[in-house]
Amino acid sequence: MKRYLKPLLKVVAAYFIFGVTWIRFSDKILMFYTNDLNQITNLQTYKGIIFVGISTVIIYITLMNEMMKMKKSDVEKIKANNLVNSLISSTDALIGIKDLSGKYIMLNKNAYEFSGIDDNDLIRNERIKKLFSASQLQSFKKQDLKILKTGEHIKTQISLKGKNSQDQVFLVSKFPIRNELGEIFSIGVVANDVTEKNKYYERLAIEAKVFETLKQGIILIDNNMKIVEINRSMCQILKFKQEKLVGENIQDILSANITIENISNALKKNNGFYEKEIFLKTKKSLVFPAWISINSIKQSEGGPEYYVVIIEDLTEIKQKENKITRLEKIDPLTGLRNQSDFRRYLEQTISYSKLQNYSFALMYIDINNLKFINDSLGYKAGDEIIKVIGKRLKSIRSSYTKLHRMNGDEFAIIILNNEDMTNLRALGQKILDLSKAPVKVGDKEINVTVNLGISVYPEDGEDLETIVQSAQTALRYSKDKEVMGLEFFSRDFRNELDSKFEMTTSLAKAIKKDEFLVHYQPQVNTVTKEIVGVEALVRWEHPKYGIISPMKFIPIAEANGMMHELGMLVLEKSGRQFKKWLDDGYELKKLSINLSSVQFKNEVIVRDILQVLDGIQLPAKFLEVEITESALVSNILEVEDKLLNLKMNGISASIDDFGTGYSSLGYLKSFSVDKLKIDRKFVMDIPDIDDGTIAKMICNLAKTLKMQVVAEGVETQAQYEFMKSIGVEIIQGYYFGKPMPAEELEILMQGSTTKLT
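Remember, it's a predicted structure, so these values are computed and weren't measured experimentally.

(A) Structural detail: the overall build of the protein. Counting secondary structure elements, the protein contains 27 helices and 26 strands. Contacts spanning at least 24 positions in sequence make up 58% of the contacts within the protein whose residues lie at least 6 apart. Just so you have it, the protein exposes about 43600 Å², and 54% of that area is on carbon and sulfur atoms.

(B) Seen up close, the packing of aromatic side chains. The final tally for this structure, using the stated rule, is 11 aromatic pairs. The interplanar angle of 85° and the centroid separation of 5.8 Å between the aromatic rings of Trp540 and Phe553 together place this pair among those described as edge-to-face. Remark: Phe553 occurs in helix α18 (residues 550–559) and Trp540 occurs in strand β19 (residues 531–542); sequence separation between them is 13 residues. Per residue, the accessibility class of Trp540 equals that of Phe553, and both read buried. Every member of this aromatic cluster is reached through a ring pair, and the members are Phe516, Trp540 and Phe553. The residue whose ring lies beneath Lys642 is Phe600, and the NZ or CZ to ring-centre distance is 5.8 Å.

(C) Broad picture of empty space enclosed by the protein. This model, assessed by the stated rule, comprises two cavities of 30 Å³ or more. Computed from the structure, the largest cavity encloses a volume of approximately 270 Å³. If you trace the largest cavity, you find 19 residues lining it, with Leu94, Tyr104, Leu107, Phe132 and Leu160 closest to the centre. Elements with a contribution of two residues or more to the lining of the largest cavity: β1 (94–98), β2 (104–107), α3 (109–115), β3 (154–161), β4 (167–178) and β5 (184–193). If you add up the space inside the second largest cavity, you get close to 40 Å³. If you go around the second largest cavity, the residues you meet are Ile389, Arg392, Leu393, Ile431, Leu434, Ser435 and Val450. Elements with a minimum of two residues in the lining of the second largest cavity: α14 (379–394) and α15 (421–435). Here the residues of the lining of the second largest cavity sort into five nonpolar, one polar and one charged.

(D) Highlighting the layout of surface pockets. In this structure, the largest pocket occupies an estimated 1000 Å³ of space. Every residue lining the largest pocket is counted, 35 residues in all, and those nearest its centre are Leu537, Pro550, Met551, Asn594 and Asp656. Put simply, the parts of the chain that give the lining of the largest pocket at least two residues each are β19, α18, α19 (563–583), β21 (590–595), α20 (597–600) and β23 (652–658). Among the residues forming the lining of the largest pocket, the class breakdown is 15 nonpolar, 11 polar and nine charged.

(E) Quick look at the sheet that holds β2. Overall, antiparallel pairing links the five strands, which are arranged β2-β1-β5-β4-β3 in an open sheet. Strands at the two margins of the open sheet, each flanked by one partner only, are β2 and β3. Strand-to-strand twist in this sheet, taken as the mean axis angle between neighbours without regard to direction, amounts to 30°. Note: β1 against β5, five bridges, orientation antiparallel. Note that in β5 the partner of Ile97 across the bridge is Gly188. Those strands touched by helix α6 (residues 134–150) are β1, β3, β4 and β5, and its axis lies near 155° from that of β3.

(F) Summary view of helix α13 (residues 370–377). Three or more residues of α13 are buried, namely Leu370, Ile373 and Asn374. Within α13, the buried residues cover an arc of 100° as seen down the axis, which keeps them to one side. Seen from the buried face of α13, the exposed residues on the opposite side, beyond 90 degrees, are Lys371, Phe372 and Asp375. Looking at the buried residues of α13, the elements they touch are β11 (360–367), α14 and β15 (444–446).

(G) Structural context of unusual backbone geometry. With an omega dihedral of 0°, the bond running from Tyr457 to Pro458 counts as a cis peptide bond. Backbone geometry at Asp514 places phi at a positive 55°, although glycine is not the residue there. Along the chain, the position of Asp514 falls in the loop between α17 (491–513) and β18 (516–525). Classification of Asp514 by relative accessible area gives partly exposed; the value is 33%. With a phi angle near 60°, Lys706 is a residue other than glycine that sits in the positive phi range. Among the structural elements, Lys706 can be located in the loop between α25 (689–704) and β25 (708–712). A relative accessible area of 78% places Lys706 in the exposed class.

(H) Seen up close, a positive patch on the surface. A contiguous patch of positive charge, built from Lys391, Lys394, Arg397 and Lys402, is present on the exposed surface. Structurally, the position occupied by Lys394 is in helix α14. Residue Lys394 is classed as partly exposed on the basis of its relative accessible area of 31%.

(I) Looking closely at the sheet that holds strand β17 (residues 485–488). If you walk across this open sheet you meet the five strands as β12-β13-β11-β16-β17, and the pairing is mixed. Of all the strands in the sheet, just β12 (401–405) and β17 have a single pairing partner and so form its edges. Each neighbouring strand pair of the sheet contributes to a mean axis angle of 20°, computed without reference to strand direction. Of the pairings in the sheet, the one linking β11 to strand β16 (residues 450–457) comprises eight bridges and is antiparallel in character. For Tyr364, the partnering residue across the bridge sits in β16 and is Gly453. Strands in contact with helix α16 (residues 464–480) are β11, β13 (410–415), β16 and β17; relative to β16, the strand with the most contacts, it is inclined by about 145°.

(J) The side chain of Glu535, seen in detail. In this structure, Glu535 sits in strand β19. Looking at Glu535, its side chain comes within polar contact range of the side chain of Asn594, at 2.9 Å. What Glu535 contacts, discounting residues up to four positions off in sequence, is His519, Tyr520, Gln521, Gln523, Ser592, Asn594, Glu626, Lys677 and Gln732.

(K) How the structure looks around α19. With 21 residues, α19 should cover 30 Å at 1.5 Å per step; its first-to-last C-alpha distance of 30 Å lies within 8% of that length. Just downstream of α19 lies Gly585, where phi reads positive at about 100°.

(L) A look at the environment of Phe736. Relative to the assigned elements, Phe736 resides in the loop between β26 (730–732) and α27 (742–752). Phe736 sits 212 residues away from Val524 along the chain, and the two C-alpha atoms are 7.6 Å apart.

(M) A negative patch on the surface, seen in detail. A cluster of like negative charges, contributed by Asp480, Glu482, Asp492 and Glu496, occupies part of the molecular surface. With respect to the element layout, Glu496 can be found in helix α17. Note on Glu496: relative accessible area 36%, which makes it partly exposed.

(N) Seen up close, the pattern of salt bridges. Considering all chains together, one arrives at 23 salt bridges under this definition. Across the pair Glu624 and Lys675 runs a salt bridge whose closest N-O atoms are separated by 2.9 Å. With Glu624 in strand β22 (residues 623–628) and Lys675 in strand β24 (residues 675–678), this residue pair connects regions lying 51 residues apart in the sequence. Note on accessibility: Glu624 and Lys675 belong to one class, buried.

Criteria and thresholds
Residues numbered from 1 in each chain as written. Predicted model: local features only at pLDDT ≥ 70, side-chain atom pairs only at ≥ 80, totals over all residues. Heavy atoms only, no water. Helix = DSSP H or I, 4+ residues; strand = E, 2+ residues; numbered from the N terminus. Contact = heavy atoms within 4.5 Å. Areas by Shrake-Rupley, 256 points an atom, 1.4 Å probe, with all protein chains shown as cover. Phe/Tyr/Trp six-rings, centres within 6.5 Å; stacked < 30°, edge-to-face > 60°. Buried < 20%, exposed > 50% of the residue type's maximum accessible area, 1.4 Å probe, protein only. Lys NZ or Arg CZ within 6 Å of the ring centre and 35° of its normal. 1 Å grid on protein atoms, 1.4 Å probe; cavity = no way out; pocket = protein on both sides within 12 Å on 5 of 7 lines; lining within 4 Å. Points joined across faces, edges and corners; volume = space filled by probe spheres on them. Nonpolar A, V, L, I, M, F, W, Y, C, P; charged D, E, K, R; others polar. Pairing = 2+ DSSP bridges. Axes fitted to C-alpha atoms, helices over the stretch in contact; angles between N-to-C directions. Arc of directions from axis to C-beta. Patch = residues over 30% accessible without salt bridge, like charges linked within 9 Å, V, L, I, M, F, W, Y side chains within 5 Å. Salt bridge = Lys/Arg side-chain N within 4 Å of Asp/Glu carboxyl O. Lys, Arg positive; Asp, Glu negative; His and termini not counted. Charge placed at Lys NZ, Arg CZ, Asp CG, Glu CD. Polar contact = N/O pair within 3.5 Å; in protein donor to acceptor, adjacent residues only side chain to side chain. Expected span 1.5 Å × (residues − 1).

Right, here's the structure in full:
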């Protein structure tokens, strides 16, 4: 009805205006035309007809005009509605219209598909409500009331579950819909799915946070070298505020040679990625080591290209590396260069000396008895001695010497520009003199001695291993003299070492091949001159060098873990021979074999001895083991246990070389020992009064402890008579017979019927 009111008003207005105008001016027009009353009366009739006709035309035209406008408006509205409906159908948004009560009266296709409802559900509106929670419905009601009251637009985000039961986030826009009179007659609802958009923005936020919190400095620059973005770390590195850097040219900030041309060339050469360690200088004159990485970000075709420059300040890392390098090169105890740096420096020195045809010397210094000090006073005492000696060695350093602390108790000095041996010897003597001063450790003063070994390049070696080995060999020979001193390397040392190495290799093979002979030295009763026993002495029958003395190969066997196997071989060979003599009727009482300290430390020595005796069927009572004093006192409890075990199995024991070691009544009382052997050094000079007195004291001591006494090394009639006079029961020495093969001893025994005259 309201739609037609305006056209009707226009018709009425047109009719009213025409009527008033006609009444006002029509009579005047007639009177202007004629003054005749009869004519005027007749014309009045026509005037009415004309009025009706003209007014009808005016009304018709006005109505037709308004009808055309209304028709045109209807067409435009239909077009607009079609366009709106097309837009509503094609949009991804969920669109709905609510009436003034809040009930949905229209939904677009997407809204139907998302909610899974149909037109019947829309009419009932109950299923639509189930899409929302109670709190959401309450909030929607408040929003609708506010829109109806104020006419404002409202936007909000809500989470909904559609027919697929998956949570989706929507940005909901609500707005009033007005009629032609501006009255609100419904509420429009448009909901856009922003789930992925929100996730994208969340990722952007996280990336932005990462960008800002990364320790590395990051700069994004464009083709014009302008800084587009820069993170906080980079600002801290450059000592600039962030707002002052964005938009600036990177070349105004960094003095590094960073240009688009250089970046492009670097990226082309390195497959689109470039990184390098550089020293970076800022415009604020800060110079620091940095790791720079550059990558390009290519936009869509025709778009700008950007470059990401990542800079990591390596200052702290380099400081730590330098500290680690220092720790790797410096001995923490003395503060001297360590063995690792020694090898590096020595290699450099050798290379330089080869190029310049120079000579230099290498000196090894060893602190004597440091292990004994550590065991006695503790490792702190040993460390203090090392520090003091290191400090003393520092005092003689010069620009021509490089001092290093090696492992354990050794130091090494590389002496450059060596001109003659005199200077080296003087330096070595100075070191010996410095070391003589006692070292104070706590309340004790410890006398320290050192030994020196010196090698010279290139005479004693042209490579690192050889020159070091030569110095160490010289040191070993210096220590072997058992006095403080120094020793220069000699080719004779090398030859002797080569000989020892060859002998070590050959010795292992010799044990496997049984290249050993056993010689026997008779042990004679002093009174009856009967052969009462023999001492088994091993000899090595080398295929190349002939008979080798045990003095040469026994130390090698001990040092290389072969002594136990060799000892058991000697026991088996000599035991079989002794058993044969017994079977042949010779009245021998004892077979003496020597056990070294190395053998006696073996945990299975007693077991293996008993196994050998059992294998050759020699009764244990015929075996006597000879042990040195040093072996006895090495571990008193362990030694006493093994001696007692031997004695319980019928094997006797004697102390060899008595009087040369740690002679003590205490350990003689502790150990299960049957005999004392007077060392040859107390026999060889008899009738010297001192040696005779010592021999007599040993004999009296043995008798007091109810032990037998054996004198070895008796070579003269006088020595024999003296030993007999002091009560020595058994004599052994060249006077009665040297060590000899079994065949010779057997002839000797056959000729004398075990008696020697």
